[in-house]
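# Structural description and commentary
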Amino acid sequence: MTADGPTPAGGAPAPSAGRRPGGAARERGSSGFGRYLFKHVSGAAVSLLLVLFSSFFIFRLIAGDPIDQLTKERPVSPEERAALRAELGLDRPMWQQFWDYITGTLTMDLGDSFQYRRPIFDLIVERLPATILLSGTGMVLAVLLGFWIGTRSGWKQGTRFDRGHVATGLLLYSAPTFWLGMIVILVFARYLGVFPVNGMRSPSTPPEFWPEALDVAHHLVLPVLTYTAVVYAGYLMIMRSSILDEIGNDYLTTARAKGLRDDEVRDRHAVPNALLPTVTLVFLAIGGVVNGSIVTETVFSWPGLGSLFVQAIFYPDRPVLQALFVLFSASTILAVLAAEVLYWFIDPRIRKS
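As the structure is a computational prediction, the values presented were derived from the model and not from experiment.

Right, let's get into the overall build of the protein chain. Counting secondary structure elements, the protein chain contains 15 helices and zero strands. Within the protein chain, the proportion of its 353 residues that are buried is 39%. Taking all contacts inside the protein chain whose residues are at least 6 apart in sequence as the whole, residues at least 24 apart take part in 73%. For the protein chain, the accessible area works out to roughly 20300 Å², and carbon and sulfur atoms hold 64% of it.

The structure is reproduced here in structure tokens:
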């Protein structure tokens, strides 16, 4: 006998009447997820702080004195330079400028652009849709194309299909983006004359929804083609490698022994398991949608955040450079954090560890 009731055979105390057998395991799982989440969220927070620190000091070293950039087209007196420096807050101590920069970034008060004399937040909101349209469309096409070809290439290792697609993908992946963009422009715009080259819209397009939508889609073809051609090979090789790791496992042999066709074994068993290593890559691509493709936007004069970043470099426009650097870095950090959290739910090895 024990204080809680009779002892069963073998001497082990009986479980309490109000406690479920799986309750302790669920408590351990929830506490384990809390520790796991805290670890990765704190790591992401440290990374964001390092980005804020580095962007504040790096662009002060490479962008030079903003007063020289603002007054390079007209002579100004020392008194005017001092007044302009005070207006921009550049006469304050460095620690106060840093504090204003941190608090402004955290509250989305990014300051004004030196080049455009407009709030940087408004510039980002104005150009973000163009970047998401180009990079988002290219990313979706690159992921679908890379995964589809990579799955079949790995499943048919050594065949003509595998060798041809791997060679083509690696050739495009290693090609400089600006060079490939120039080739695309020469072939489809100059010689064939079927697609426009510069910008996102034609001035002659009527201001109506469908004409404008078709005009934007017409301008979008060549930038998306270039972006997809350069990016899709990375997904192809990762998916191919994941499929090769799954081939020969016992569960695939069992599936074949049940009489499933080869395509069913691949799509229903091999592909779901092979997708796990590609989760981080997909989330990085989602984070990269905000970053855009700086080279592609520059080559095709696409009015997105990438071309804004390049223009800020040449000016140089230090507040815009700082804001975009933080935005690009934060989107990637948050995408990786989302992938790490998702791993907890889709990978049982992490929960067990």
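Let's shift gears to the pattern of salt bridges. Scanning the model with the defined rule gives five salt bridges in all. Arg-261 is the partner of Glu-264 in a salt bridge, and the nearest nitrogen-oxygen pair spans 3.5 Å. Across the pair Asp-263 and Arg-266 runs a salt bridge whose closest N-O atoms are separated by 3.5 Å. In this pair, Asp-263 and Arg-266 are both assigned in helix 10 (residues 262-274), three residues apart and thus about one turn of the helix distant. Residue class for Asp-263 comes out partly exposed when judged on its relative accessible area of 39%. Of the residues examined, Arg-266 reaches a relative accessible area of 5% and is grouped as buried. A network of salt bridges, in which partner residues are shared, links Asp-263, Arg-266 and Asp-267.

Summed over the entire model, instances satisfying the criterion amount to 13 aromatic pairs. Geometrically, the ring pair formed by Phe-56 and Tyr-101 is tilted, given 5.4 Å between the ring centres and 40 degrees between the ring planes. Of this pair, Phe-56 sits in helix 1 (residues 23-62) while Tyr-101 is found in helix 4 (residues 94-106), placing the two residues 45 residues apart along the sequence. Across the pair, exposure class does not vary: Phe-56 and Tyr-101 are buried alike. The structure contains a cluster of three or more aromatic residues connected by ring pairs, namely Phe-53, Phe-56, Phe-57, Phe-98 and Tyr-101. Positioned over the ring face of Phe-161 is Lys-156, at 5.6 Å from the centre of the ring.

Turning our eyes to something else, we now look at a nonpolar patch on the surface. Judged by side-chain polarity, Phe-178, Trp-179, Ile-183, Leu-186, Val-187, Tyr-191, Leu-192, Val-194 and Val-295 come together as a nonpolar surface patch covering roughly 860 Å² of accessible area. Considering every element that reaches the nonpolar patch, the biggest residue donor is helix 7 (residues 177-191), with six residues. Here Val-194 is to be found in the loop between helix 7 and helix 8 (209-246). According to the relative accessible area criterion, Val-194 is partly exposed, its value standing at 40%.

Here we take up the side chain of Thr-205. Looking at the element boundaries, Thr-205 is found in the loop between helix 7 and helix 8. Reaching out from Thr-205, the side chain makes a polar contact with the side chain of Asp-215 at a distance of 3.0 Å.

For helix 7, spanning 15 residues, the distance from its first C-alpha to its last is 20 Å, which sits close to the expected 21 Å at 1.5 Å a residue. The sharpest bend along helix 7 measures roughly 30 degrees and falls at Ile-185. Along helix 7, the residues that are buried comprise Leu-180, Gly-181, Val-184, Ile-185 and Ala-189. At its buried positions, helix 7 is contacted by helix 6 (160-174), helix 8 and helix 12 (294-299).

Here the focus is helix 10. Among the residues of helix 10, Val-265, Arg-266, Ala-270, Val-271 and Ala-274 are the ones counted as buried. In this structure, the buried residues of helix 10 make contact with helix 5 (120-155), helix 8 and helix 9 (250-257).

Moving on: the environment of Arg-152. In this fold, Arg-152 is placed in helix 5. We classify Arg-152 as buried; its relative accessible area is 18%. Along the backbone, Arg-152 and Met-239 are 87 residues apart, and their C-alpha atoms lie at a distance of 9.3 Å. Residues within four places of Arg-152 in sequence aside, it is in contact with Phe-161, Arg-266 and Asp-267.

It is worth spelling out the packing of helix 5 against helix 10 at this point. Running from amino to carboxyl end, helix 5 crosses helix 10 at an angle of 115 degrees, the nearest separation of the two axes being 12 Å. Note that helix 5 runs across helix 10; the crossing there is right-handed. For the pair formed by helix 5 and helix 10, the contact residues are Thr-151, Arg-152 and Trp-155 on the first element and Asp-262, Val-265, Arg-266, Asp-267, Ala-270 and Val-271 on the second. Taken together, the residues that form the contact of helix 5 with helix 10 break down as four nonpolar, one polar and four charged.

The rules we used
- Residues numbered from 1 in each chain as written.
- Predicted model: local features only at pLDDT ≥ 70, side-chain atom pairs only at ≥ 80, totals over all residues.
- Heavy atoms only, no water.
- Helix = DSSP H or I, 4+ residues; strand = E, 2+ residues; numbered from the N terminus.
- Buried < 20%, exposed > 50% of the residue type's maximum accessible area, 1.4 Å probe, protein only.
- Contact = heavy atoms within 4.5 Å.
- Areas by Shrake-Rupley, 256 points an atom, 1.4 Å probe, with all protein chains shown as cover.
- Salt bridge = Lys/Arg side-chain N within 4 Å of Asp/Glu carboxyl O.
- Phe/Tyr/Trp six-rings, centres within 6.5 Å; stacked < 30°, edge-to-face > 60°.
- Lys NZ or Arg CZ within 6 Å of the ring centre and 35° of its normal.
- Patch = residues over 30% accessible without salt bridge, like charges linked within 9 Å, V, L, I, M, F, W, Y side chains within 5 Å.
- Polar contact = N/O pair within 3.5 Å; in protein donor to acceptor, adjacent residues only side chain to side chain.
- Expected span 1.5 Å × (residues − 1).
- Bend = angle between axes of the 7 residues up to and from the residue.
- Axes fitted to C-alpha atoms, helices over the stretch in contact; angles between N-to-C directions.
- Left-handed = near helix turned anticlockwise from the far one by under 90°.
- Nonpolar A, V, L, I, M, F, W, Y, C, P; charged D, E, K, R; others polar.

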